Amino acid sequence: MSYEILDSITQAVIDMRFEDTGTLTRDALGAGVGAVEIINGALLPALDRVGILFREGDYFLPDVLMSVKAYHNSFEILEPLLKEGDYKARGKIMIGTVFGDIHDIGKNILSALLLGNGFEVIDVGVDVKPEIFLTRAKQDMPDIIGMSALLTTTMPSMKDTIDVFVEAGLREKFKFIIGGAPLNQKFADEIGADGYGEDAQSGVELVKRLMGI
Ligand code: B12
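Please read these numbers as outputs of a predicted model, since none were measured by experiment. (Residues numbered from 1 in each chain as written. Predicted model: local features only at pLDDT ≥ 70, side-chain atom pairs only at ≥ 80, totals over all residues. Heavy atoms only, no water.)

### What to know about the domain arrangement of the protein
What the domain assignment reports for the protein is domain 1 (2-82) and domain 2 (92-210). Summarising the inter-unit geometry, the C-alpha centres of domain 1 and domain 2 are found 25 Å apart. Between domain 1 and domain 2, the contact holds nine residues from the first and seven residues from the second. Counting the surface lost from both domain 1 and domain 2, the interface buries some 640 Å², and carbon and sulfur atoms represent 79% of this. (Domains from an automatic or database assignment. Contact = heavy atoms within 4.5 Å. Buried area = accessible area lost by both parts, 1.4 Å probe.)

Here it is in structure tokens:
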């Protein structure tokens, strides 16, 4: 039963039926399917499929945007449920999408899962210049700074950001973690990041490891 509902949500996102995604998500929750299960079992596979349709030229940007809107109609119902975890903050995580890049879906999922796991999250948004990461970090003093990039052309901005902290003599005050589809551990090692998470769940586990939890 739950698999059928998850498949229906996946298909509704792919088909850009943004009103249906909200209704189906509520139905799934009513049937006892968990928020994380809906994200991992329905929403993420849907976006993967949309990505393939886009790459293969079957979908154009407006189609992708409408699918993302359909995704949001589901995710905004799930997000508050993810935040209902233990609220005693276990650490402060700053997260942003790097300069030149406006992809924020992965970043938002990681933020929501971190909140759900009891971390305080400071989301500095998208298209964040290295200097802004530095200014905000000095202001909010997070334990960990997470950077997201979805474009190969914006990956170098991750190194630029770490370099700005090195130049300011503040590199050792913070741990840096990175993620996003084009990245890997090798790239993280090359730019001197403290860790790489291939998906939001591994991002949460990485954060816990770095915090010694
Ligand atoms: C949705 C989307 C868009 C939307 C973004 C909407 C939004 N609000 O984010 C829109 C339509 C705006 C868009 C625009 C563009 N896009 Co786009 N987009 C996508 C698409 C289809 C899905 C991306 C996505 O959200 N995936 C789902 C999320 C959940 O995955 P994720 O971000 O990787 O995150 C997961 C992990 O990586 C990890 N993670 C992510 N961040 C972090 C951070 C940390 C710290 C950690 C630990 C983990 C972590 O956890 C997440 C959950 O598991 C991809 C194709 C694809 N399948 O990847 C193309 C894609 C990324 N886009 C692409 C391109 C080229 C563009 C444009 C340049 C297109 C254009 N010509 O205008 C613009 C760029 C705009 C800009 N300056 O950023 C290319 C990139 C190619 C490349 N090699 O660089 C892709 C791969 C499509 C393709 N096959 O060509 N895009």
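### Section: the pairing of strand β1 (residues 92-98)
Walk down a regular strand and you will see the side chains alternate between the two sheet faces. With six of its seven residues buried, β1 lies for the most part within the structure. Direction of pairing for β1 relative to strand β2 (residues 120-128): parallel, over a ladder of six bridges. Across the sheet, I93 pairs through a bridge with V121, a residue of β2. Where β1 lies against strand β3 (residues 144-148), five bridges are found, and the strand directions are parallel. (Buried < 20%, exposed > 50% of the residue type's maximum accessible area, 1.4 Å probe, protein only. Helix = DSSP H or I, 4+ residues; strand = E, 2+ residues; numbered from the N terminus. Pairing = 2+ DSSP bridges.)

### Brief notes about the sheet that holds strand β4 (residues 175-179)
Within the open sheet, the five strands sit side by side as β2-β1-β3-β4-β5. Their pairing is parallel. The sheet is open, and its two borders are formed by β2 and β5 (195-196), each paired with just one other strand. Bridging between β3 and β4 involves five bridges; their strand directions are parallel. Residue I145 lies in a different strand from β4, and its bridge partner there is F176. Along the sheet face, helix α7 (residues 156-167) touches β1, β3 and β4 and points at about 155 degrees away from the line of β3. (Axes fitted to C-alpha atoms, helices over the stretch in contact; angles between N-to-C directions.)

### Some words on the coordination of the cobalt atom of the ligand
Its sole protein donor being H103 (NE2), the cobalt atom of the ligand sits 2.3 Å from that atom. For H103, the location among the structural elements is in the loop between β1 and α5 (105-116). (Donors = N, O, S within 2.8 Å, 3.2 Å for Na, K, Ca; no water.)

### Some points on unusual backbone geometry
Positive phi, close to 65 degrees, is recorded for M16, a residue that is not glycine. Topologically, M16 is positioned in the loop between α1 (2-14) and α2 (18-30). Accessibility expressed as a relative area gives 18% for M16, which makes it buried. Of note in this structure, D127 is not a glycine but carries a positive phi near 55 degrees. Its relative accessible area of 38% is what places D127 among the partly exposed residues.

### Considerations on the pairing of β3
Taking burial as the measure, the five residues of β3 include five buried ones, the bulk of the element. A two-sided burial pattern is seen for β3, the buried positions comprising I144, G146 and S148 on one face and I145 and M147 on the other. At this point the chain moves from β3, through α7, to the parallel β4, and the crossover so formed is right-handed. (Right-handed = clockwise from strand over helix to strand, strands pointing away.)

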